[in-house]
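Understanding the architecture of this molecule
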Amino acid sequence: MKKIVLILITALVVFSCGKRNKGELIGVKQKKWFPEKPFGMTLIEGGSYIMGKSDEDVAQLQNAQARTVTVPSFYMDETEITNSEYRQFVNWVKDSVALSLLARKAAEEELTPDNKDGIGRWAFQDADTSKLSEYQKYMRENYYDLNDDPYAGRPINWDEDIEWGTEDYPDQLYSEVMDSIYLPPEYWFDGDMKIDVQKLVYSYVTFDAEAAARETKRRRTKYLPDSIHRSFIDTLNVPIYPDTTVWIKDFMYSYNEPMHNDYFSHPAFQDYPVVGVSWEQAMAFCSWRTHHKNNYQRSKGKPTVNKFRLPSEAEWEYAARGGIPSGTYPWGGPYLMNDRGCFLANFKPLRGDYAVDQAVYTVEAKSYLPNDFNLYNMAGNVSEWTNSSYDTGAYEYVSSLNPNMSLAEENRKVVRGGSWKDVAYFLRVSSRDFEYADTSRSYIGFRTVQDYLGTPKVKIR
């Protein structure tokens, strides 16, 4: 009897698993992956270069010792992130905050989407439990309702447009919620209602894979206990509205009020690089951009994309050099003007003559000529945040393969490229500087990168 059962089981395994592959190793087939260049980005094909100051260290900082490093391929924004692009992030957060508050109020009043003429239109999407799948019911019963916040994790209704005009508010409950988003009337200026920007908070979850890997190495184990593993997962709540006061705080006893009032909000500056954004806010933007793109991918049944992030300083320098290994500046040569006597970047030339390069403050993100990787303003205009932490001796101990010194406990973050208020030294592709992660400036912006999955086709010569 045992032999008969064994033969029967074996036959079932053979016929069920080997019906199509004939018992051969053919792998698990997945959908064909076709790399898609993200909008506004350019592909930087990986390679090796001499990172650091192979030229004279005129400032004698000794913080960028020359060494050969290799970086893999990646996509990079052609320009710095603009005011217009960052406002898309701010508007999304503003909408999500409003929708969440409206849904919570509807839940408190036990209203559902059936209440078409009032705040119920904006109720949580799972408010009508009869329309939930069995999985959604399970998640709601076992996770959402057990949270300290009874509304945490519940899906808000993005299908319903928000009525921002006061004349369109549908009922008193809606008016109460929207009033909570604005500053009190005593803070309004010229009668305009002002959003309380401190309430524009973006929440996201991070996992410190590098720290977790170091811990497994220290413990000499492959897996960490759940309690320790969770310690590397963190939920961040980041106020994301740019600090527009940087235009005044960075230059005391200087009249920069027009930039404070209009730079981020006025259409005249929509294509200028966003400033007043801290490293923490730039990281939040990267998380949102990934989330925003993958929501679309899932809605179309497409594979999700890998995350957008800030470049490491090794990637940034490689991209800034534009394929010219020994170049002093992104355009390659050691000179700051072309053959017609025009400056090649927006900075503070000569003896502090801000205007001689045709710009007093920032310029549009697509100004001046791009380098050979088609990247604009890798020198001047605004300095740019990188993912790397700052250490004067980092070049001596980081890996030569895709190097990056990134420590959560190091609050100094590397900024590169120089800005509209800097002298020429900081425009050099090898020059390093830093700022604190929680600090924002009128001369620091950022651009994002995305890893290229796979390897570009090898060219056989």
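Residues numbered from 1 in each chain as written. Predicted model: local features only at pLDDT ≥ 70, side-chain atom pairs only at ≥ 80, totals over all residues. Heavy atoms only, no water.

Overview of the overall build of the chain
Going by this rule: Secondary structure elements are taken from DSSP: a helix is a run of H or I of four residues or more, a strand is a run of E of two residues or more, and numbering for both begins at the N terminus. Only protein chains enter the accessibility calculation, which uses a 1.4 Å probe; a residue is then buried when its area is under 20% of its type maximum, exposed when over 50%, and partly exposed in between. Should any heavy atoms of two residues lie within 4.5 Å, those residues are counted as being in contact. Note on areas: Shrake-Rupley with a 1.4 Å probe; residue coverage comes only from the protein chains shown. His is not counted, nor are the chain ends; Lys and Arg add positive charge and Asp and Glu add negative charge. Here the site of a charge means NZ on Lys, CZ on Arg, CG on Asp, or CD on Glu.
Scanning the chain for helices and strands turns up eleven helices and twelve strands. With the C-alpha coordinates aligned to their principal axes, the bounding extent of the chain is approximately 90 × 70 × 40 Å. Taking all 461 residues of the chain together, 42% fall into the buried category. Within the chain, residue pairs in contact and separated by at least 24 positions form 71% of the contacts whose partners lie at least 6 positions apart. For the chain, the exposed surface amounts to about 26,800 Å²; the carbon and sulfur share of it is 52%. Averaging the coordinates of the 54 positive side-chain charges in the chain and doing the same for the 65 negative ones gives two points 12 Å apart.

Quick look at the environment of Leu183
Mapped onto the fold, Leu183 is located in the loop between helix H4 (172-181) and strand E5 (201-207). A C-alpha to C-alpha distance of 8.8 Å links Leu183 and Val197, two positions 14 residues apart in sequence. Residues within four places of Leu183 in sequence aside, it is in contact with Trp188, Lys194, Ile195 and Asp196.

Notes on the pattern of salt bridges
Under the convention used in this document: Salt bridges are identified by distance alone: a Lys or Arg side-chain nitrogen within 4 Å of an Asp or Glu carboxyl oxygen.
One pass over the structure, following the stated rule, counts 21 salt bridges. With its nearest N and O atoms 3.5 Å apart, the salt bridge here joins Glu108 to Lys105. On the criterion of helical spacing, the pair formed by Glu108 and Lys105 is a turn pair, its members being three residues apart in helix H2 (residues 83-108). Among the charged side chains, a salt-bridge network with shared partners connects Glu313, Glu317, Arg321, Arg416 and Arg432.

Digging into the nonpolar core
Rules: For the purposes of this section, nonpolar cores are sets of buried Ala, Val, Leu, Ile, Met, Phe, Trp, Tyr and Cys residues that join through side-chain atoms within 4.5 Å.
Grouped together as the largest cluster of nonpolar side chains are 37 residues, with contacts concentrated most on Tyr86, Phe89, Val93, Tyr202, Ile240, Trp385 and Phe446. Of all elements in the fold, only H2, E5, helix H7 (246-249) and helix H9 (279-299) reach the threshold of two or more residues within this core. In this structure, Val71, Met76, Trp316 and Phe373 belong to the second largest nonpolar core, which totals 19 residues.

Brief notes about a nonpolar patch on the surface
Applicable threshold: For patch detection, residues must exceed 30% relative accessible area and be free of salt bridges, and they are connected within 9 Å for like charges or within 5 Å for nonpolar side chains (Val, Leu, Ile, Met, Phe, Trp, Tyr).
Residues Val205, Phe207 and Ile233 make up a contiguous nonpolar surface patch of about 280 Å² in total accessible area. Overall, the relative accessible area of 43% leaves Phe207 in the partly exposed class.

Points about H4
Helical periodicity: at 3.6 residues per turn, an α-helix aligns residues three or four positions apart in one direction. This is how it is decided: What the arc measures is the spread of directions leading from the helix axis to the C-beta atoms.
Three or more residues of H4 are buried, namely Tyr174, Val177, Met178 and Ile181. Angularly, the buried residues of H4 cover 95 degrees about the axis, an arc narrow enough to put them on a single face. Facing away from the buried side of H4 by more than 90 degrees, the exposed set consists of Gln172 and Asp179.

With respect to the sheet that holds strand E1 (residues 41-44)
Which entries qualify depends on this criterion: At least two bridges found by DSSP between two strands is the condition for calling them paired. Here the axes come from fitting lines to C-alpha atoms, over the contacting stretch only for helices, and the angles between their N-to-C directions go from 0 to 180 degrees.
Overall, antiparallel pairing links the four strands, which are arranged E1-E4-E12-E7 in an open sheet. Each edge of the open sheet is held by one strand with a lone partner, namely E1 and strand E7 (308-309). Where E7 and strand E12 (residues 449-451) come together, two bridges link them in antiparallel fashion. Bridged to Arg309 within E12 is Val449. With respect to the sheet, helix H10 (residues 313-321) is in contact with E1, strand E4 (74-77), E7 and E12, its orientation differing from that of E4 by roughly 75 degrees.

Structural notes on the sheet that holds strand E8 (residues 383-389)
Here four strands make up an open sheet; going across it, the order is E10-E9-E8-E11 and the pairing mixed. Lying at the two open borders of the sheet, with one neighbouring strand each, are strand E10 (433-436) and strand E11 (444-445). Here strand E9 (residues 412-416) pairs with E10 via four bridges, running antiparallel. What sits directly across from Val415, in E10, is Asp433.

A short note on the side chain of Asn256
Using the following cut-off: In protein, a polar contact means a hydrogen-donor-capable atom and an acceptor-capable atom, both N or O and within 3.5 Å, with residues adjacent in sequence counting only if both atoms are side-chain atoms; elsewhere, any N or O pair within 3.5 Å suffices.
Mapped onto the secondary structure, Asn256 falls in the loop between H7 and helix H8 (257-262). Within the local environment of Asn256, its side chain forms a polar contact with the backbone oxygen of Trp247, the two atoms lying 3.3 Å apart. Engagement of the side chain of Asn256 in a polar contact is seen with the side chain of Ser254, the distance being 3.0 Å.

Observations regarding the packing of aromatic side chains
What counts, and what does not: Here a pair means two rings of Phe, Tyr or Trp (six-membered ring of Trp) with centres within 6.5 Å. Their orientation is stacked below 30 degrees between planes, edge-to-face above 60, and tilted elsewhere. For a lysine, the NZ atom is tested; for an arginine, the CZ atom; a charge sits over a ring if that atom is within 6 Å of the ring centre and within 35 degrees of the ring normal.
Throughout the structure, instances matching the rule amount to 33 aromatic pairs. On the basis of an interplanar angle of 45 degrees and a centroid distance of 6.0 Å, the ring pair of Tyr318 and Phe373 is categorised as tilted. In this pair, Tyr318 sits in helix H10 while Phe373 sits in the loop between H10 and E8, placing the two residues 55 residues apart along the sequence. Take Tyr318 and Phe373: they sit in the same class, and that class is buried. Ring plane angle 15 degrees and centroid distance 5.2 Å describe the contact between Tyr329 and Trp331, whose orientation is recorded as stacked. Classification of Tyr329 by relative accessible area gives buried; the value is 4%. Its relative accessible area of 27% is what places Trp331 among the partly exposed residues. Feature note: the residues Tyr86, Phe89, Trp92, Trp158, Tyr202, Tyr204, Tyr241, Phe264, Phe285, Trp288 and Phe446 constitute an aromatic cluster, connected by ring pairs. Arg289 extends its terminal NZ or CZ atom over the ring of Phe308, reaching a point 4.3 Å from the ring centre.

Some words on the packing of H2 against H9
Stated precisely, the cut-off is as follows: Roughly parallel refers to an angle under 35 degrees, roughly antiparallel to one over 145, roughly perpendicular to one between 65 and 115, and oblique to any angle outside these ranges. Following the grouping adopted for this structure description, the nonpolar residues are Ala, Val, Leu, Ile, Met, Phe, Trp, Tyr, Cys and Pro, the charged ones are Asp, Glu, Lys and Arg, and the polar ones are all others, Gly among them.
For the pair H2 and H9, interaxial distance at closest approach is 11 Å and the crossing angle is 75 degrees. On the basis of their axis angle, the class for H2 and H9 is roughly perpendicular. Contacts from Glu85, Tyr86, Gln88, Phe89 and Trp92 of H2 reach H9 at Gln281, Ala284, Phe285, Trp288, His291 and His292. The residue inventory of the contact of H2 with H9, partitioned by class, reads six nonpolar, four polar and one charged.

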